[in-house]
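# Inside the fold
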Amino acid sequence: MANSRVNKRRSNKAKLHRRIMREKLAVMIIIILLAFAGLCVQLVRITDGNQAEYQKKILSQQRYDSTTLPFKRGTITDANGTILAVSEKVYNVVLDCKVMLDNKKNQAPTVDALVECFKLDRAELDKYIKEHPTSQYYVLKKRQTYDEISPFLEREKTYNEKAKKSETDIGKIVGIWFEEEYIRRYPNKTLACDVIGFTGTDNNGTYGLEEYYNDELNGTNGREYGYLNDDATLERTTVAAVDGNSLVSTIDANIQAIVEKYLLQFNEEHKNEHREGLGSTNSGCIVMNPNNGEILAMASYPNYDLNAPKDLSAYYTEEQIQQMQEEETYYDTLNKLWRNFCISDTYEPGSTAKVLTMATGLETGKLIGNESYECTGALQISDRRIRCNARSGHGVLDFSGALEQSCNVAFMKMGEAIGVKDMVEFQQIFNIGLKTNIDLSGEARTASLIFNEDTMGPTELATTSFGQGFNVTMIEMASAFSSVINGGYYYEPHMVSKIVNSNGNTIKNIEPRVLKQTVSATTSAMMREYLYATVAEGTGKTARPAGYAMGGKTGTAEKAARDRENYVVSFIGYAPADDPQVVIYVVIDEPNVEDQPHASYATGVVRNILTEVLPYMHISKTEEMTIAEQAEAENALMGITQQPEEGQQEGTEGSEGEGAQPAEGEGTEGGENQGANTEGTEENTPQGATYVVDPVTGELIDSISGLPAEISRSYEGEESGESGENEE
């Protein structure tokens, strides 16, 4: 009985306990439901009342809500695909203080990573963060390659994974992003610098192909827009960038490298020889295909590194550069360096213009080729007596002999037979005084530097006949000469063969353009014979490479003020003699020697260049070589040069003597004095000229070690250190 009462009391207590627990649970559920309801009400209130404000806040925390997607400027290659200019993607390291400081513990790991990966100054970085906690755009490093930012990216990934697994808040590496852009890179540094030109910080070209084809090379920037949709979700719309078109130039990097090697060699050999300074005031060379107007090589000296176009340290000391900056002549000096001597500078051509005089006479019928001329050493023209280069006279010369010996008296008589009207007319036919419209920026116009019918009197006619008294550019002369020896067709010279888009599809082929016929095929054939004889038997002997028959003409022009001190020496020629496939024109302005008027300074450069270029172009030899010539050709192709034996003098065979010297007390109107043979002179390859083009990769390599040429990634005028806030 007693047990029954105990059990009943226990049962009642259990029921009471369960009821109390149910009531507590019910109360708890009610509280939770009320809290949840309150939260929902609060969310609705926030959403309805502060929607715009919170959307702005969300957007303000996005790094790419609106960003520019840069285009890639088109590539420039040579005719064989060797890259001459290319745009490389780089990254600006940007700090967003506001995002980083969203959690104070983010600062330490983020700053640690920046300091260690980018070698930044911790004190300066901490100072900036403290003073600009809301800054969202601060450039820490500019134009970093992917390899340079990779260590930071790896560290960021590793640390943030660790922070995610950590039980305590250790902060994250955040607030750093990388802004993409492109820089222009020139893998071969100075190679073809006058032809290529360079770009500025605005991605626009300066000089050369970079400027002339700027609109083709540049593309259109893209844009990525960020916005919130109706669900307050960040959406992105991307307008892709359109990359620029690429250029395939007519330049052959191998021929270009050969040309530049020998221009540099000449200038190094004669550096500081007679006066302090370079081996010449200017030197230039054009190699072109006379049958279509394509320029295979174009170079001048001094040159410059396209990766650092404002660096004058190769030619001036720091003190001299500082003085230029103080005297405000620094940019004048740079502009002179950047100018393309082959198209922008003018000069009197000298006896190379005799080719045009003779062709004019034959084409007009005023000369037929069977004429003979007696040279007594001078000719009276009006009130002036103009001497020939041979003061004692050449004696009697036939028509071909007049060109072979470059007799000024004979050519003055030819000019008299041609007359003013035809002389002026044919200068225009040969495009002298007019732009060639070559596709390069900076071509000079020489219309005001030649005579017309009103200004050409008897004396001007006489001096024009042997290449003095008027000015030309190198490209003018090379193009005119090509028309004389190619059958009479004047091709517009051009540097680009086709334009391709970013997908590699050709969008424009630039075909050869025949603008006119300057002379008949008959006249052209006759001129080839005379020019061949000039090299075989006359003043151009020292230009001929062993094993090849070629034609050409030397030139030496006395510069104004006619002080018999400063001259322009030159040679223009073609090979092979019976089938012209290449034209070469070398001009040396004021060679740094005691006795300047020797065209052999130019012929020596021509000989060296053609000795390498003709075999490279697979142009077969046309003549048997002597044992000595074979050894010389092999040495040249191997880059081996011979030093003349002690006491050996420069030869005089084929030396040119073309100066029109005035009688005592008279002014001079002429050009060329006796030259000297440069055969056998020392040809040591100067320091800095040891790079050659790898035929497999198409890149420049060191000729000794075989290692790639060192490429500078620095960009002139741009700092790689810290930048100010809001820098763009």
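Now for a look at the structure at hand. (Residues numbered from 1 in each chain as written. Predicted model: local features only at pLDDT ≥ 70, side-chain atom pairs only at ≥ 80, totals over all residues. Heavy atoms only, no water.)

### Let's talk about the sheet that holds strand S23 (residues 582-591)
Taken in spatial order, the five strands make up an open sheet running S12-S11-S23-S22-S21, and their pairing is antiparallel. Every other strand in the sheet has two partners, leaving strand S12 (295-301) and strand S21 (551-558) as the edge strands with one partner each. For this sheet, the mean angle separating the axes of adjacent strands, direction not counted, is 5°. Summarising the sheet, S21 and strand S22 (residues 567-575) pair through eight bridges and their orientation is antiparallel. Pairing of Gly552 across the sheet is with Gly573, part of S22. Contacting strand S11 (280-288), S12 and S23, helix H9 (residues 253-269) crosses the sheet at an angle of about 25° to S12. (Pairing = 2+ DSSP bridges. Helix = DSSP H or I, 4+ residues; strand = E, 2+ residues; numbered from the N terminus. Axes fitted to C-alpha atoms, helices over the stretch in contact; angles between N-to-C directions. Contact = heavy atoms within 4.5 Å.)

### Focus on unusual backbone geometry
If a residue is not glycine, its phi is most likely negative; likewise, a peptide bond is most likely trans. A cis amide bond links Tyr301 with the next residue in sequence, Pro302, at an omega value of 10°. Cis rather than trans, the peptide bond between Ala575 and Pro576 has omega equal to -15°. Structurally, Pro576 is set in the loop between S22 and S23. The phi dihedral of Asn431 is positive, around 70°, even though this residue is not glycine. Along the chain, Asn431 turns up in the loop between helix H16 (420-429) and helix H17 (458-465). One non-glycine residue, His618, adopts positive backbone phi at about 60°. Summarising the element assignment, His618 is placed in the loop between helix H20 (600-616) and helix H21 (627-637). The class for His618 is exposed, based on a relative accessible area of 71%. (Buried < 20%, exposed > 50% of the residue type's maximum accessible area, 1.4 Å probe, protein only.)

### Quick look at the environment of Ala241
Within the secondary structure, Ala241 is located in the loop between strand S9 (234-239) and strand S10 (246-249). The exposure class assigned to Ala241 is partly exposed, which follows from its relative accessible area of 25%. Excluding its chain neighbours within four sequence positions, the residues that come into contact with Ala241 are Leu69, Pro70, Phe71, Thr220, Asn221 and Gly222.

### Digging into helix H13 (residues 354-364)
For H13, the buried fraction is high: nine of the eleven residues fall into the buried class. Inspection of H13 places Lys354, Val355, Leu356, Thr357, Met358, Ala359, Thr360, Gly361 and Leu362 among the buried residues, and these make up the whole buried set. One or two positions beyond H13, positive phi appears at Gly365, with a value near 85°.

### Some words on the pattern of salt bridges
Enumeration according to the criterion identifies 15 salt bridges in this entry. For Arg339, the salt bridge identified is with Asp345, shortest N-O distance 2.7 Å. Since its relative accessible area comes to 18%, Asp345 is described here as buried. Between Glu492 and Arg513 there is a salt bridge, and its shortest N-O distance comes to 3.4 Å. Of this pair, Glu492 sits in the loop between strand S17 (489-491) and strand S18 (496-500) while Arg513 is found in the loop between strand S19 (506-509) and strand S20 (514-517), placing the two residues 21 residues apart along the sequence. Residue class for Arg513 comes out partly exposed when judged on its relative accessible area of 46%. When salt bridges that share partners are traced, they join Arg73, Arg184 and Glu210 into one network. (Salt bridge = Lys/Arg side-chain N within 4 Å of Asp/Glu carboxyl O.)

### Examining a nonpolar patch on the surface
A surface patch of nonpolar side chains, about 290 Å² in accessible area, is lined by Leu25, Ile29 and Leu33. Summarising the element assignment, Ile29 is placed in helix H1 (residues 2-60). Given a relative accessible area of 41%, Ile29 falls into the partly exposed group. (Patch = residues over 30% accessible without salt bridge, like charges linked within 9 Å, V, L, I, M, F, W, Y side chains within 5 Å. Areas by Shrake-Rupley, 256 points an atom, 1.4 Å probe, with all protein chains shown as cover.)

### Brief notes about the environment of Thr333
Summarising the element assignment, Thr333 is placed in helix H11 (residues 330-338). For Thr333, a relative accessible area of 15% gives the class buried. Sequence-distant contacts of Thr333, defined by excluding residues within four places in its chain, comprise Leu312, Tyr316 and Met324.

### Quick notes on the packing of aromatic side chains
The full count for this structure, using the stated rule, is 16 aromatic pairs. Relative to Tyr331, the ring of Tyr330 lies with its centre 5.2 Å away and its plane at 80°, an arrangement referred to as edge-to-face. An aromatic cluster is built from Phe198, Tyr207, Tyr304 and Trp338, whose rings are joined through pairwise contacts. Above the ring of Tyr490, the side-chain terminus of Lys516 is found at 5.4 Å from the ring centroid. (Phe/Tyr/Trp six-rings, centres within 6.5 Å; stacked < 30°, edge-to-face > 60°. Lys NZ or Arg CZ within 6 Å of the ring centre and 35° of its normal.)

### Considerations on the packing of H13 against helix H15 (residues 408-418)
At a closest axis distance of 10 Å, the pairing of H13 and H15 adopts a crossing angle of 40°. The pairing of H13 with H15 is recorded here as oblique in orientation. At the point where H13 passes H15, the crossing takes the left-handed sense. For the pair H13 and H15, contact is made by Lys354, Thr357, Met358, Thr360 and Gly361 and by Asn408, Phe411, Met414 and Ile418, respectively. Grouping the constituent residues of the contact of H13 with H15 by class yields four nonpolar, four polar and one charged. (Parallel < 35°, antiparallel > 145°, perpendicular 65-115°, else oblique. Left-handed = near helix turned anticlockwise from the far one by under 90°. Nonpolar A, V, L, I, M, F, W, Y, C, P; charged D, E, K, R; others polar.)

### Some words on the pairing of strand S3 (residues 83-95)
Counting buried residues along S3, eleven of its 13 residues qualify, which places the element largely inside the surrounding structure. Pairing of strand S2 (residues 76-77) with S3, which is carried by two bridges, proceeds in the antiparallel orientation. Following the sheet pairing, Thr77 is matched in S3 by Ile83. A loop of five residues connects S2 with S3, the two strands running antiparallel in sequence, and Gly81 in this loop sits at a positive phi of about 95°. Where S3 meets strand S4 (residues 138-144), four bridges bridge the pair, whose relative direction is antiparallel. Paired with Val93 across the bridge in S4 is Lys141.

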